[in-house]
Amino acid sequence: FFFSWLLSTQHTTSSHKFIPFSNSFIHSYIHTFLMTIALTSIAQRQLLRRSSAFAAKQASMACSVIDGSSTPPPSFLTSADHGQCRKPVAAMPGSAVAATRSYSSVTAPCGCNANPYGFKCRYHSTKSFSTQPETTADHDYNISTTTTPGVIVPPDDDNETMIHDKIQATFDNAAFTSQQLSSRLRTVLSLYGYEKDSTLLATSLCCDEVNRTFEDDLRQNFQQNFNMGGLAGFAFGGVTSFGAMAAHIPDDGHCLMVYGPHVGIDSDGVFGQVDRRGQEHSNSCCGSAAAAANYVTDVYHGKQSITPIPTDSLLDAQQAWVGHQLLPHTERLIKAQNPSVELPNALYDSQDELVLQILEQGKEMVSSSLVCLVGGIQVNTPPDMEEYFVPKRFQLWNNGQIVEDLMEDLY
(Lines give C-alpha, C1' and ligand atoms only; values in the text may rest on other atoms or scores of the structure.)
Protein backbone atom coordinates (compact mmCIF):
# COMPACT_ATOMS: atom_id res chain seq x y z
CA PHE A 1 0.00 0.00 0.00
CA PHE A 2 2.87 2.38 0.84
CA PHE A 3 4.54 2.02 -2.57
CA SER A 4 1.18 2.32 -4.26
CA TRP A 5 0.59 5.55 -2.34
CA LEU A 6 3.95 6.91 -3.47
CA LEU A 7 3.04 6.28 -7.10
CA SER A 8 -0.38 7.83 -6.64
CA THR A 9 1.03 10.89 -4.91
CA GLN A 10 3.67 11.71 -7.51
CA HIS A 11 1.12 11.11 -10.28
CA THR A 12 -1.45 13.59 -8.95
CA THR A 13 0.68 16.18 -7.12
CA SER A 14 3.34 18.02 -9.05
CA SER A 15 5.10 19.20 -5.88
CA HIS A 16 5.97 15.60 -4.82
CA LYS A 17 8.58 14.13 -7.13
CA PHE A 18 9.50 10.99 -5.19
CA ILE A 19 9.73 8.81 -8.32
CA PRO A 20 10.33 10.06 -11.84
CA PHE A 21 7.56 8.83 -14.07
CA SER A 22 6.41 9.95 -17.48
CA ASN A 23 4.32 7.08 -18.89
CA SER A 24 0.87 7.13 -17.24
CA PHE A 25 -0.10 3.71 -18.71
CA ILE A 26 2.90 1.98 -17.13
CA HIS A 27 2.26 3.95 -13.96
CA SER A 28 -1.34 2.65 -13.74
CA TYR A 29 -0.23 -0.92 -14.49
CA ILE A 30 2.33 -0.92 -11.68
CA HIS A 31 -0.18 0.72 -9.35
CA THR A 32 -2.70 -2.08 -10.02
CA PHE A 33 -0.03 -4.75 -9.63
CA LEU A 34 1.05 -3.45 -6.22
CA MET A 35 -2.55 -3.22 -5.03
CA THR A 36 -3.15 -6.86 -6.07
CA ILE A 37 -0.11 -8.02 -4.11
CA ALA A 38 -1.29 -6.14 -1.04
CA LEU A 39 -4.83 -7.56 -1.18
CA THR A 40 -3.53 -11.10 -1.77
CA SER A 41 -1.28 -10.81 1.27
CA ILE A 42 -4.23 -9.74 3.41
CA ALA A 43 -6.33 -12.67 2.16
CA GLN A 44 -3.56 -15.15 2.95
CA ARG A 45 -3.19 -13.75 6.46
CA GLN A 46 -6.93 -14.09 7.03
CA LEU A 47 -6.83 -17.73 5.85
CA LEU A 48 -3.94 -18.54 8.18
CA ARG A 49 -5.74 -16.83 11.07
CA ARG A 50 -8.89 -18.89 10.38
CA SER A 51 -6.87 -22.13 10.20
CA SER A 52 -5.20 -21.36 13.53
CA ALA A 53 -8.56 -20.62 15.09
CA PHE A 54 -9.86 -23.99 13.90
CA ALA A 55 -6.97 -25.86 15.48
CA ALA A 56 -7.20 -23.95 18.76
CA LYS A 57 -10.91 -23.60 19.36
CA GLN A 58 -12.78 -26.34 21.24
CA ALA A 59 -16.42 -26.95 20.32
CA SER A 60 -17.50 -26.58 23.92
CA MET A 61 -20.93 -25.07 23.49
CA ALA A 62 -23.88 -27.24 24.48
CA CYS A 63 -25.68 -29.19 21.76
CA SER A 64 -28.76 -31.33 22.09
CA VAL A 65 -27.14 -34.35 20.55
CA ILE A 66 -27.36 -37.22 23.01
CA ASP A 67 -30.83 -38.55 23.72
CA GLY A 68 -32.17 -35.02 23.48
CA SER A 69 -30.15 -33.79 26.46
CA SER A 70 -28.01 -30.67 26.47
CA THR A 71 -24.50 -32.11 26.56
CA PRO A 72 -21.24 -30.48 25.44
CA PRO A 73 -19.45 -32.30 22.62
CA PRO A 74 -16.23 -34.11 23.54
CA SER A 75 -13.16 -31.89 23.48
CA PHE A 76 -11.73 -33.62 20.41
CA LEU A 77 -14.49 -32.21 18.19
CA THR A 78 -13.04 -28.88 17.13
CA SER A 79 -14.58 -26.35 14.81
CA ALA A 80 -14.41 -22.70 13.89
CA ASP A 81 -18.16 -22.75 13.27
CA HIS A 82 -19.80 -25.62 15.13
CA GLY A 83 -23.30 -24.89 13.90
CA GLN A 84 -26.46 -26.70 14.95
CA CYS A 85 -26.44 -30.43 15.61
CA ARG A 86 -29.06 -32.21 13.52
CA LYS A 87 -29.32 -35.75 14.78
CA PRO A 88 -29.25 -37.18 18.34
CA VAL A 89 -27.24 -40.38 18.71
CA ALA A 90 -26.76 -42.44 21.85
CA ALA A 91 -23.37 -42.93 23.46
CA MET A 92 -20.97 -45.37 21.84
CA PRO A 93 -20.81 -48.66 23.80
CA GLY A 94 -17.84 -48.86 26.12
CA SER A 95 -16.92 -45.22 25.66
CA ALA A 96 -15.87 -43.18 28.66
CA VAL A 97 -17.63 -40.18 27.21
CA ALA A 98 -20.68 -40.11 25.02
CA ALA A 99 -19.48 -39.87 21.44
CA THR A 100 -21.16 -36.98 19.68
CA ARG A 101 -22.00 -37.80 16.10
CA SER A 102 -23.01 -34.29 15.13
CA TYR A 103 -23.52 -33.14 11.57
CA SER A 104 -21.99 -29.68 11.80
CA SER A 105 -20.16 -27.32 9.52
CA VAL A 106 -16.45 -27.91 9.85
CA THR A 107 -13.56 -26.31 8.01
CA ALA A 108 -10.44 -28.43 8.10
CA PRO A 109 -6.98 -27.02 8.94
CA CYS A 110 -5.91 -27.52 5.33
CA GLY A 111 -8.62 -25.08 4.27
CA CYS A 112 -11.07 -27.56 2.76
CA ASN A 113 -14.60 -28.28 3.85
CA ALA A 114 -15.38 -31.56 5.61
CA ASN A 115 -18.63 -32.03 3.71
CA PRO A 116 -18.40 -35.53 2.16
CA TYR A 117 -20.52 -34.34 -0.78
CA GLY A 118 -18.04 -31.77 -2.03
CA PHE A 119 -14.88 -32.19 -0.05
CA LYS A 120 -11.48 -31.35 -1.47
CA CYS A 121 -9.53 -33.33 1.07
CA ARG A 122 -10.28 -37.07 1.28
CA TYR A 123 -8.90 -37.32 4.80
CA HIS A 124 -11.32 -34.84 6.32
CA SER A 125 -14.31 -36.68 4.91
CA THR A 126 -13.37 -39.57 7.21
CA LYS A 127 -15.86 -40.41 9.94
CA SER A 128 -14.03 -40.85 13.22
CA PHE A 129 -14.75 -40.38 16.89
CA SER A 130 -11.32 -41.39 18.17
CA THR A 131 -10.02 -39.31 21.07
CA GLN A 132 -6.49 -39.59 19.63
CA PRO A 133 -5.30 -37.13 16.97
CA GLU A 134 -4.08 -38.67 13.75
CA THR A 135 -1.32 -37.73 11.33
CA THR A 136 -1.94 -37.85 7.60
CA ALA A 137 -0.09 -36.83 4.48
CA ASP A 138 -2.89 -38.07 2.26
CA HIS A 139 -4.45 -34.72 1.37
CA ASP A 140 -5.23 -33.92 -2.23
CA TYR A 141 -3.25 -30.73 -1.60
CA ASN A 142 -0.26 -32.72 -0.30
CA ILE A 143 -0.52 -30.97 3.04
CA SER A 144 0.74 -32.95 6.03
CA THR A 145 -0.87 -32.12 9.34
CA THR A 146 -1.71 -33.58 12.71
CA THR A 147 -5.37 -33.15 13.55
CA THR A 148 -8.56 -34.87 14.56
CA PRO A 149 -10.78 -35.95 11.65
CA GLY A 150 -13.78 -33.76 10.90
CA VAL A 151 -17.33 -34.77 11.68
CA ILE A 152 -19.64 -35.81 8.87
CA VAL A 153 -21.82 -33.15 7.31
CA PRO A 154 -25.02 -34.16 5.53
CA PRO A 155 -25.34 -33.04 1.92
CA ASP A 156 -26.79 -29.66 1.07
CA ASP A 157 -29.40 -31.01 -1.35
CA ASP A 158 -32.69 -31.70 0.45
CA ASN A 159 -33.29 -35.03 -1.29
CA GLU A 160 -29.75 -36.23 -0.63
CA THR A 161 -30.11 -35.18 3.00
CA MET A 162 -33.33 -37.20 3.25
CA ILE A 163 -31.62 -40.29 1.86
CA HIS A 164 -28.55 -39.78 4.05
CA ASP A 165 -30.63 -39.45 7.21
CA LYS A 166 -32.84 -42.41 6.32
CA ILE A 167 -29.81 -44.67 5.83
CA GLN A 168 -28.32 -43.59 9.14
CA ALA A 169 -31.63 -44.12 10.96
CA THR A 170 -32.39 -47.54 9.42
CA PHE A 171 -29.34 -49.63 10.33
CA ASP A 172 -27.97 -50.48 13.76
CA ASN A 173 -24.44 -49.36 12.89
CA ALA A 174 -23.67 -45.96 11.44
CA ALA A 175 -23.01 -45.97 7.69
CA PHE A 176 -19.93 -44.60 5.96
CA THR A 177 -19.81 -43.33 2.41
CA SER A 178 -17.61 -45.62 0.34
CA GLN A 179 -14.87 -42.97 0.11
CA GLN A 180 -14.98 -42.38 3.85
CA LEU A 181 -14.71 -46.10 4.55
CA SER A 182 -11.81 -46.55 2.14
CA SER A 183 -9.85 -43.70 3.70
CA ARG A 184 -10.66 -44.81 7.22
CA LEU A 185 -9.59 -48.40 6.55
CA ARG A 186 -6.25 -47.20 5.21
CA THR A 187 -5.70 -44.98 8.26
CA VAL A 188 -6.49 -47.69 10.81
CA LEU A 189 -4.78 -50.58 9.01
CA SER A 190 -1.58 -48.60 8.43
CA LEU A 191 -0.95 -49.06 12.16
CA TYR A 192 -0.82 -52.83 11.56
CA GLY A 193 1.58 -52.87 8.62
CA TYR A 194 -0.96 -52.48 5.81
CA GLU A 195 0.53 -50.41 3.01
CA LYS A 196 -0.96 -49.63 -0.38
CA ASP A 197 1.76 -51.44 -2.33
CA SER A 198 1.87 -54.54 -0.10
CA THR A 199 -1.85 -55.12 0.52
CA LEU A 200 -3.99 -57.38 -1.65
CA LEU A 201 -7.61 -56.28 -1.72
CA ALA A 202 -10.15 -59.10 -2.10
CA THR A 203 -13.84 -58.37 -2.54
CA SER A 204 -16.95 -60.51 -2.45
CA LEU A 205 -19.74 -58.24 -3.65
CA CYS A 206 -22.71 -58.84 -5.93
CA CYS A 207 -22.03 -58.72 -9.68
CA ASP A 208 -24.60 -55.89 -10.09
CA GLU A 209 -22.88 -52.96 -11.86
CA VAL A 210 -23.99 -50.51 -9.15
CA ASN A 211 -21.46 -52.11 -6.80
CA ARG A 212 -18.43 -51.23 -8.88
CA THR A 213 -18.29 -47.67 -7.53
CA PHE A 214 -17.57 -49.05 -4.06
CA GLU A 215 -14.76 -51.20 -5.44
CA ASP A 216 -13.37 -48.19 -7.31
CA ASP A 217 -13.21 -46.22 -4.06
CA LEU A 218 -11.50 -49.10 -2.26
CA ARG A 219 -8.93 -49.35 -5.06
CA GLN A 220 -8.00 -45.71 -4.54
CA ASN A 221 -6.31 -46.77 -1.31
CA PHE A 222 -5.55 -50.48 -1.88
CA GLN A 223 -5.01 -50.93 -5.64
CA GLN A 224 -6.54 -53.68 -7.79
CA ASN A 225 -8.91 -56.18 -6.22
CA PHE A 226 -9.24 -59.95 -6.42
CA ASN A 227 -12.93 -60.82 -6.95
CA MET A 228 -14.41 -63.76 -5.02
CA GLY A 229 -18.08 -62.80 -5.22
CA GLY A 230 -21.14 -63.70 -7.24
CA LEU A 231 -24.89 -63.17 -7.06
CA ALA A 232 -26.08 -61.28 -3.97
CA GLY A 233 -22.48 -61.01 -2.76
CA PHE A 234 -21.90 -64.64 -1.76
CA ALA A 235 -18.27 -65.75 -1.98
CA PHE A 236 -19.00 -68.36 -4.64
CA GLY A 237 -15.29 -68.59 -5.43
CA GLY A 238 -14.98 -70.58 -2.20
CA VAL A 239 -11.78 -72.07 -0.83
CA THR A 240 -10.20 -72.40 -4.27
CA SER A 241 -10.47 -68.67 -5.01
CA PHE A 242 -9.29 -67.87 -1.49
CA GLY A 243 -6.21 -70.02 -2.06
CA ALA A 244 -5.53 -68.33 -5.40
CA MET A 245 -5.90 -64.93 -3.75
CA ALA A 246 -3.54 -65.95 -0.94
CA ALA A 247 -0.89 -66.90 -3.50
CA HIS A 248 -1.06 -63.37 -4.91
CA ILE A 249 -0.38 -61.51 -1.65
CA PRO A 250 2.83 -59.45 -2.01
CA ASP A 251 5.90 -60.61 -0.07
CA ASP A 252 5.65 -59.50 3.57
CA GLY A 253 2.18 -58.14 2.77
CA HIS A 254 -1.34 -58.72 4.02
CA CYS A 255 -4.87 -59.25 2.73
CA LEU A 256 -7.95 -57.05 3.09
CA MET A 257 -11.22 -58.84 2.35
CA VAL A 258 -14.40 -56.77 1.98
CA TYR A 259 -17.67 -58.65 1.59
CA GLY A 260 -21.42 -58.44 2.03
CA PRO A 261 -24.79 -58.08 0.30
CA HIS A 262 -26.26 -54.86 -1.01
CA VAL A 263 -29.59 -53.05 -0.99
CA GLY A 264 -30.76 -50.03 -2.94
CA ILE A 265 -32.53 -46.88 -1.86
CA ASP A 266 -34.15 -44.81 -4.59
CA SER A 267 -34.72 -41.06 -4.86
CA ASP A 268 -38.04 -41.45 -3.01
CA GLY A 269 -36.29 -43.09 -0.05
CA VAL A 270 -37.66 -46.56 -0.77
CA PHE A 271 -35.37 -49.42 0.25
CA GLY A 272 -35.06 -52.38 -2.10
CA GLN A 273 -35.25 -50.11 -5.16
CA VAL A 274 -32.60 -48.04 -6.94
CA ASP A 275 -32.54 -45.44 -9.69
CA ARG A 276 -30.41 -46.78 -12.52
CA ARG A 277 -28.62 -44.85 -15.23
CA GLY A 278 -30.80 -44.22 -18.29
CA GLN A 279 -34.00 -45.64 -16.78
CA GLU A 280 -37.05 -43.54 -16.02
CA HIS A 281 -38.23 -45.58 -13.04
CA SER A 282 -36.38 -47.27 -10.19
CA ASN A 283 -36.25 -51.06 -10.03
CA SER A 284 -35.25 -53.90 -7.72
CA CYS A 285 -31.90 -53.88 -5.95
CA CYS A 286 -30.69 -56.47 -5.16
CA GLY A 287 -32.62 -58.42 -7.81
CA SER A 288 -31.07 -61.75 -6.85
CA ALA A 289 -31.92 -61.18 -3.19
CA ALA A 290 -35.50 -60.19 -4.04
CA ALA A 291 -35.97 -63.32 -6.16
CA ALA A 292 -34.62 -65.47 -3.32
CA ALA A 293 -36.95 -63.74 -0.84
CA ASN A 294 -39.95 -64.47 -3.06
CA TYR A 295 -38.84 -68.08 -3.31
CA VAL A 296 -38.49 -68.69 0.43
CA THR A 297 -41.77 -66.86 1.11
CA ASP A 298 -43.61 -69.10 -1.35
CA VAL A 299 -42.05 -72.16 0.27
CA TYR A 300 -43.14 -70.93 3.71
CA HIS A 301 -46.74 -70.43 2.57
CA GLY A 302 -46.82 -73.75 0.73
CA LYS A 303 -47.07 -72.24 -2.71
CA GLN A 304 -44.10 -74.25 -3.92
CA SER A 305 -41.76 -76.93 -2.66
CA ILE A 306 -38.06 -76.61 -1.95
CA THR A 307 -36.14 -76.71 -5.22
CA PRO A 308 -33.17 -79.10 -5.18
CA ILE A 309 -29.76 -77.59 -5.86
CA PRO A 310 -28.89 -78.46 -9.48
CA THR A 311 -25.96 -80.85 -9.87
CA ASP A 312 -25.97 -81.26 -13.64
CA SER A 313 -26.34 -77.68 -14.87
CA LEU A 314 -24.69 -74.31 -14.28
CA LEU A 315 -27.49 -72.33 -15.95
CA ASP A 316 -28.79 -70.87 -12.68
CA ALA A 317 -26.78 -72.62 -9.98
CA GLN A 318 -25.78 -69.47 -8.10
CA GLN A 319 -29.37 -68.24 -7.73
CA ALA A 320 -30.45 -71.67 -6.51
CA TRP A 321 -27.79 -71.44 -3.80
CA VAL A 322 -28.84 -67.90 -2.81
CA GLY A 323 -32.38 -69.15 -2.22
CA HIS A 324 -31.10 -72.21 -0.37
CA GLN A 325 -28.93 -70.08 1.95
CA LEU A 326 -31.87 -67.78 2.70
CA LEU A 327 -34.27 -70.57 3.70
CA PRO A 328 -33.20 -70.65 7.40
CA HIS A 329 -34.04 -66.92 7.65
CA THR A 330 -37.53 -67.13 6.14
CA GLU A 331 -39.48 -66.51 9.33
CA ARG A 332 -37.51 -63.40 10.28
CA LEU A 333 -38.21 -61.96 6.83
CA ILE A 334 -41.94 -62.61 7.08
CA LYS A 335 -42.18 -61.10 10.56
CA ALA A 336 -39.98 -58.10 9.77
CA GLN A 337 -41.48 -54.62 9.90
CA ASN A 338 -39.57 -53.78 6.72
CA PRO A 339 -38.62 -56.97 4.83
CA SER A 340 -36.58 -54.98 2.29
CA VAL A 341 -34.24 -53.90 5.10
CA GLU A 342 -34.28 -57.22 6.92
CA LEU A 343 -33.35 -59.06 3.71
CA PRO A 344 -29.75 -57.72 3.43
CA ASN A 345 -29.28 -58.29 7.16
CA ALA A 346 -30.31 -61.93 6.77
CA LEU A 347 -28.10 -62.36 3.73
CA TYR A 348 -25.18 -60.82 5.59
CA ASP A 349 -25.50 -63.36 8.40
CA SER A 350 -25.41 -66.19 5.87
CA GLN A 351 -22.49 -64.72 3.93
CA ASP A 352 -20.52 -63.95 7.07
CA GLU A 353 -20.83 -67.58 8.14
CA LEU A 354 -19.61 -68.71 4.72
CA VAL A 355 -16.60 -66.38 4.79
CA LEU A 356 -15.57 -67.65 8.23
CA GLN A 357 -15.80 -71.24 6.96
CA ILE A 358 -13.62 -70.37 3.96
CA LEU A 359 -11.11 -68.64 6.23
CA GLU A 360 -10.95 -71.69 8.50
CA GLN A 361 -10.38 -74.04 5.57
CA GLY A 362 -7.77 -71.79 3.99
CA LYS A 363 -5.98 -70.52 7.10
CA GLU A 364 -2.74 -72.38 6.34
CA MET A 365 -2.56 -70.66 2.97
CA VAL A 366 -2.20 -67.27 4.69
CA SER A 367 -0.41 -68.28 7.89
CA SER A 368 2.36 -65.72 7.36
CA SER A 369 0.01 -62.84 6.60
CA LEU A 370 -2.77 -60.97 8.36
CA VAL A 371 -6.26 -61.20 6.90
CA CYS A 372 -8.51 -58.24 7.62
CA LEU A 373 -12.21 -59.04 7.35
CA VAL A 374 -14.52 -56.12 6.63
CA GLY A 375 -18.08 -57.38 6.40
CA GLY A 376 -21.21 -55.33 6.09
CA ILE A 377 -24.08 -54.12 3.94
CA GLN A 378 -23.59 -51.92 0.92
CA VAL A 379 -26.31 -49.34 0.26
CA ASN A 380 -26.67 -48.23 -3.36
CA THR A 381 -28.00 -44.72 -3.91
CA PRO A 382 -29.31 -42.72 -6.88
CA PRO A 383 -26.81 -41.66 -9.56
CA ASP A 384 -24.38 -38.85 -8.62
CA MET A 385 -24.75 -39.64 -4.93
CA GLU A 386 -22.17 -41.28 -2.67
CA GLU A 387 -22.54 -45.02 -2.08
CA TYR A 388 -22.77 -46.15 1.57
CA PHE A 389 -21.49 -49.13 3.54
CA VAL A 390 -22.71 -50.29 6.95
CA PRO A 391 -19.84 -52.16 8.69
CA LYS A 392 -20.76 -55.17 10.78
CA ARG A 393 -17.34 -56.82 11.13
CA PHE A 394 -13.84 -55.30 11.15
CA GLN A 395 -11.28 -57.77 12.47
CA LEU A 396 -7.69 -58.87 11.93
CA TRP A 397 -7.19 -62.64 11.67
CA ASN A 398 -4.13 -64.86 11.54
CA ASN A 399 -3.98 -68.65 11.34
CA GLY A 400 -7.69 -68.98 12.04
CA GLN A 401 -7.65 -66.77 15.15
CA ILE A 402 -8.84 -63.22 15.78
CA VAL A 403 -5.81 -61.01 16.39
CA GLU A 404 -7.64 -57.73 16.90
CA ASP A 405 -11.22 -56.49 16.79
CA LEU A 406 -11.09 -53.02 15.23
CA MET A 407 -14.75 -52.02 15.09
CA GLU A 408 -14.38 -49.31 17.74
CA ASP A 409 -11.28 -47.97 15.97
CA LEU A 410 -13.31 -47.63 12.79
CA TYR A 411 -15.63 -45.16 14.50
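Just so you know, these numbers come straight off a predicted model, no measurement behind them. (Residues numbered from 1 in each chain as written. Predicted model: local features only at pLDDT ≥ 70, side-chain atom pairs only at ≥ 80, totals over all residues. Heavy atoms only, no water.)

Some words on helix 6 (residues 238-247)
One turn of an α-helix holds 3.6 residues; hence residues three or four places apart share an orientation.
And step 1. Buried within helix 6 are the following residues: G238, S241, F242, G243, M245 and A246.
And step 2. Those residues of helix 6 hidden inside the fold are in contact with strand 6 (199-204), strand 7 (225-227), strand 8 (254-259) and helix 10 (339-361). (Buried < 20%, exposed > 50% of the residue type's maximum accessible area, 1.4 Å probe, protein only. Helix = DSSP H or I, 4+ residues; strand = E, 2+ residues; numbered from the N terminus. Contact = heavy atoms within 4.5 Å.)

Quick look at unusual backbone geometry
And step 1. Of the consecutive residues C285 and C286, the connecting peptide bond is found in the cis state with omega at 15°.
And step 2. Considering the arrangement of structural elements, one finds C286 in the loop between strand 11 (283-284) and helix 7 (287-300).
And step 3. We note that A232 has phi near 65°; this positive angle belongs to a residue other than glycine.
And step 4. The class for A232 is buried, based on a relative accessible area of 1%.
And step 5. Its identity as a non-glycine residue notwithstanding, D384 has a phi of 75°, on the positive side.

Remarks on the state of the cysteines
And step 1. Applying the stated criterion to the full structure yields zero disulfides.
And step 2. Free of any disulfide, C286 has its nearest neighbouring cysteine sulfur in C206, separated by 4.1 Å.
And step 3. Relative accessible area serves as the criterion here: at 5%, C286 is assigned to the buried category. (Disulfide = S-S within 2.5 Å.)

With respect to the nonpolar core
And step 1. Counting 33 residues, the largest nonpolar core has I167, F171, M245, M257, F271, L373 and V379 as the members making the most contacts within it.
And step 2. Elements that contribute at least two residues to this core include exactly helix 3 (158-170), strand 6, helix 6, strand 8, helix 10, strand 12 (371-380) and strand 13 (388-398).
And step 3. Counting residues per element, this core draws most heavily on helix 10, which supplies five residues.
And step 4. If we ignore the near neighbours within four places in the chain, the residues touching M245 are L200, A202, F226 and C255.
And step 5. Counting 24 residues, the second largest nonpolar core, distinct from the first, contains V188, L205, F214 and C372. (Core = buried A, V, L, I, M, F, W, Y, C linked by side-chain atoms within 4.5 Å.)

Quick word on the packing of aromatic side chains
And step 1. Taken as a whole, this structure holds five aromatic pairs when the rule is applied.
And step 2. Consider the rings of F171 and F271, whose centres lie 5.9 Å apart with planes at 85°: the pair is edge-to-face. Residue F171 is found in the loop between helix 3 and strand 5 (176-177), and its partner F271 is found in the loop between strand 9 (262-264) and strand 10 (273-274); the two are separated by 100 residues along the sequence. With respect to burial, F171 and F271 carry one shared label: buried.
And step 3. With 6.2 Å between their ring centres and 10° between their planes, Y259 and Y348 make a pair best called stacked. With Y259 in strand 8 and Y348 in helix 10, the pair connects residues that are 89 residues apart, well separated along the chain. (Phe/Tyr/Trp six-rings, centres within 6.5 Å; stacked < 30°, edge-to-face > 60°.)

What to know about the confidence of the model for the protein chain
And step 1. For the protein chain, per-residue confidence averages 74 on the pLDDT scale, and 63% of positions sit at 70 or higher.
And step 2. Contacts of residues 49-153 to residues separated by more than four positions or lying in other chains number 212 contacts, the stretch itself having pLDDT below 50. (pLDDT = per-residue confidence, 0-100.)

Topic: the pattern of salt bridges
And step 1. This structure, assessed with the given rule, holds nine salt bridges.
And step 2. Across the pair R332 and E342 runs a salt bridge, and its minimum N-O distance is 2.7 Å. Of the two residues, R332 sits in helix 9 (residues 330-335) while E342 sits in helix 10, which places them ten residues apart along the sequence.
And step 3. Overall, E342 belongs to the partly exposed group, its relative accessible area being 22%.
And step 4. Taking the shortest distance from any N to any O, the salt bridge between R393 and D352 comes out at 2.8 Å. Of the two residues, R393 sits in strand 13 while D352 sits in helix 10, which places them 41 residues apart along the sequence. (Salt bridge = Lys/Arg side-chain N within 4 Å of Asp/Glu carboxyl O.)

Observations regarding the side chain of Q351
And step 1. One can find Q351 in helix 10.
And step 2. Relative accessible area serves as the criterion here: at 2%, Q351 is assigned to the buried category.
And step 3. The residues touching Q351, leaving out its near neighbours within four places in the chain, are A232, G233, F234, G260 and P261.

Some thoughts on helix 3
And step 1. Under the 1.5 Å per step criterion, the end-to-end length of helix 3 is 18 Å for 13 residues, consistent within 8% with the ideal 18 Å.
And step 2. Turning to helix 3, its buried residues are E160, T161, I163, H164, I167 and Q168. Down the axis of helix 3, the buried set is contained in an arc of 165°. They therefore lie on one face. Every exposed residue of helix 3 that faces more than 90 degrees away from the buried side is listed here: D158 and A169.
And step 3. Where the residues of helix 3 are buried, they touch strand 12 and strand 13. (Expected span 1.5 Å × (residues − 1). Arc of directions from axis to C-beta.)

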